[in-house]
Amino acid sequence: MTARMSTHRHARLLPALLLLAALANPALAQTKITPDANKYSPAQDVELGQEAAAEAKKQLPMLNDDRVDDYVEDVGARLAAAIPAEFRHPEFRFTFDVVNQKEINAFALPGGPMFLNRGMMEAAKTEAEMAGVMAHEIAHVALRHGTAQATKGQKFQVGAIAGQILGAIVGGAAGSVIAQGSQFGLGAYFLKYGREYERQADLLGAQIMARAGYDPREMANMFRTIQEQGGRSGPEWLSSHPDPGNRYNAIINESKSLRVQGNANTGQFASIKTRLTGMSPAYTAEQIAKGQARTNRTVGTSGGARTVNVPAPSGSYRTFQPANFLRVSVPSNWEEVESNNGGVTYAPDGGFFQGDNGGTAFTHGVQVGVAQGGSGNLQRDTQQLLNGFARSNPDLQSAGNARRENIGGRNGLTTPLSNVSEVTGEREYITLSTAQLRDGSLLYIIGVAPQPQANQYESAFRRIRQSVQIAD
Ligand SMILES: [Zn+2]
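Residues numbered from 1 in each chain as written. Predicted model: local features only at pLDDT ≥ 70, side-chain atom pairs only at ≥ 80, totals over all residues. Heavy atoms only, no water.

## Some thoughts on the coordination of the zinc ion
Each protein donor to the zinc ion is listed here as His136 (NE2), His140 (NE2), Glu198 (OE), Glu198 (OE) and His241 (ND1); together their distances run 1.9 to 2.4 Å. Read in sequence order, the donor residues for the zinc ion give the motif H-x3-H-x57-E-x42-H. Of this pair, His136 sits in helix α5 (residues 127-142) while His241 sits in the loop between α12 (235-240) and α13 (247-256), placing them 105 residues apart in sequence. His241 carries the same exposure label as His136, and that label is buried. (Donors = N, O, S within 2.8 Å, 3.2 Å for Na, K, Ca; no water. Helix = DSSP H or I, 4+ residues; strand = E, 2+ residues; numbered from the N terminus. Buried < 20%, exposed > 50% of the residue type's maximum accessible area, 1.4 Å probe, protein only.)

## Re the pairing of strand β9 (residues 343-348)
Within β9, six of the six residues are buried, which leaves the element mostly enclosed by the surrounding structure. Both faces of β9 are covered, namely the face carrying Gly343, Thr345 and Ala347 and the face carrying Val344, Tyr346 and Pro348. Examined bridge by bridge, strand β8 (residues 334-340) and β9 share six bridges and lie antiparallel to one another. Within β9, the residue paired with Ser339 across the bridge is Val344. Here β9 runs beside strand β12 (residues 365-371); their pairing, made up of three bridges, is antiparallel. Bridged to Tyr346 within β12 is Val366. (Pairing = 2+ DSSP bridges.)

## Regarding the sheet that holds strand β18 (residues 469-470)
Across the sheet, which stays open at both edges, the three strands sit in the order β6-β7-β18 with antiparallel pairing between neighbours. Edge positions in the open sheet fall to β6 (317-323) and β18, since each of these has one partner strand only. With two bridges connecting them, strand β7 (residues 326-331) and β18 associate as antiparallel partners. Bridge pairing links Arg327 to Gln469 in β18. Seen against the sheet, helix α17 (residues 454-467) touches β6, β7 and β18 and runs at an angle of roughly 155° to β7. (Contact = heavy atoms within 4.5 Å. Axes fitted to C-alpha atoms, helices over the stretch in contact; angles between N-to-C directions.)

## Some details on the sheet that holds strand β1 (residues 95-99)
Within a sheet, adjacent strands bond to each other through the backbone by hydrogen bonds, running parallel or antiparallel. Ordered by their spatial adjacency, three strands build an open sheet running β1-β3-β2, and the pairing between neighbours is mixed. Looking at strand neighbours, the two that pair on one side only are β1 and β2 (106-108), the edges of this open sheet. On average, each strand axis in the sheet is inclined to that of its neighbour by 15°, with strand direction left out of account. Pairing between β2 and strand β3 (residues 113-117): three bridges, direction antiparallel. Within the sheet, the bridge partner assigned to Phe107 lies in β3 and is Phe115. Helix-sheet contacts for helix α3 (residues 66-80) involve β1 and β3, and the interaxial angle to β1 is about 140°.

## Thoughts on the nonpolar core
Counting 57 residues, the largest nonpolar core has Leu79, Met121, Met130, Met134, Ile208 and Tyr214 as its most contacted members. Among the elements that take part in this core, α5 stands out by supplying 10 residues, more than any other. Leaving out residues up to four positions away in the same chain, Met121 has contacts with Val68, Tyr71, Val72, Val98, Met130, Phe269, Ile272, Lys273 and Leu276. Counting 26 residues, the second largest nonpolar core, distinct from the first, contains Trp334, Tyr429, Ala449 and Ile464. (Core = buried A, V, L, I, M, F, W, Y, C linked by side-chain atoms within 4.5 Å.)

## Thoughts on the packing of α5 against helix α11 (residues 217-228)
Orientation of α5 relative to α11, taken along the N-to-C sense of each, is 95°, at an axis distance of 8 Å. In terms of orientation, α5 lies roughly perpendicular with respect to α11. Here α5 contributes Ala128, Glu129, Gly132, Val133, Ala135 and His136 to the contact with α11, which in turn contributes Glu218, Met219, Asn221, Met222, Phe223, Thr225 and Ile226. For the contact of α5 with α11, the per-class residue count stands at seven nonpolar, four polar and two charged. (Parallel < 35°, antiparallel > 145°, perpendicular 65-115°, else oblique. Nonpolar A, V, L, I, M, F, W, Y, C, P; charged D, E, K, R; others polar.)

Here it is, written out as structure tokens:
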């Protein structure tokens, strides 16, 4: 459209009494875990994990909601700080990001980067359940299971990871042909573990939970929750973290030997869940695998063609005030990219263009503006505005009937349109929403997205329209 993230007090006791004490204080009986041989250095774990994490962030729709990310980081930091000394690596940096994906899953990469699906957070019944999955993932990292597994593998090459890891992430998610191909990819080393590593991650994860101040039995509960939901979105987790056998009871048994140290509960879990529920729906693995959660396209410029990768609309929103009488909320990963007489444009990174002639266009986003000098008749003024847009967008066409819609408490109209983008030459989906202001002028909101992403963007546009507050 042309126009805008001890005591030793008992030391004198008889040996028999010591034995009794040990039985009475089962903390002495927690399972000892011995990490496998690993030919990589912890520094290499970090390098490989960073590379793969950068790729994951490029390819997956990140939620990019500060409040949710801060919360997950808070819980994650408590868990990471509770890793037993013998499994700590000073090089490791634990980071926590939320992926705007529906399926229940999480994965962690060597050296510490962790990604949690929004679906996993939504499925968890308590903060401790969520922490259970996170502690399990932290245990995989601390035990260096990714590179230990690669050590057992044959042809492992540092540097050949990032390109293949995504196939494993999204492929595993999609359960499709891609997944079959990715089993041969190196990324699979980091994302799919055998039963012994799963057993170790459950046990160390339970120990980490208790040390951090969470009841480790909640990890077992979370796995039960995942299994219950297995028909819909559980298998993804289960396929990458196979049940080592008798999982629930094994964790419960280990928990009997653990003492929960303090109470780590932040008390914020319910409000974070409410926040997630209020967001636009998360993407499915299928949508992500098909590329529907982002737009990859090639744009011809004077400097030659380049690929532009546009991030999907964030599920969280932030509010702007494009005019003193007007408030509107847009996805939090959109920025104000242009403001002039033609209105204010909000677009994601890669969705806004400035031509050599000074003209501008946006391929993804919304423009909010006010058209002066109207007749006071909504339909007539909307038609006049459309005529004006059609002059600068010769391919603009109607794509259906206008429908009445409440915009900011006013009678409004939303008109579906179709256009050919001047930037990409591809068909684009447009909605024009209008509402009359008290002085007779016309408020308009134009949403633009590539036609193949029409459905995803329409849910963002709808939410933007519903967020409008007018105080004229
Ligand atoms: Zn696992």
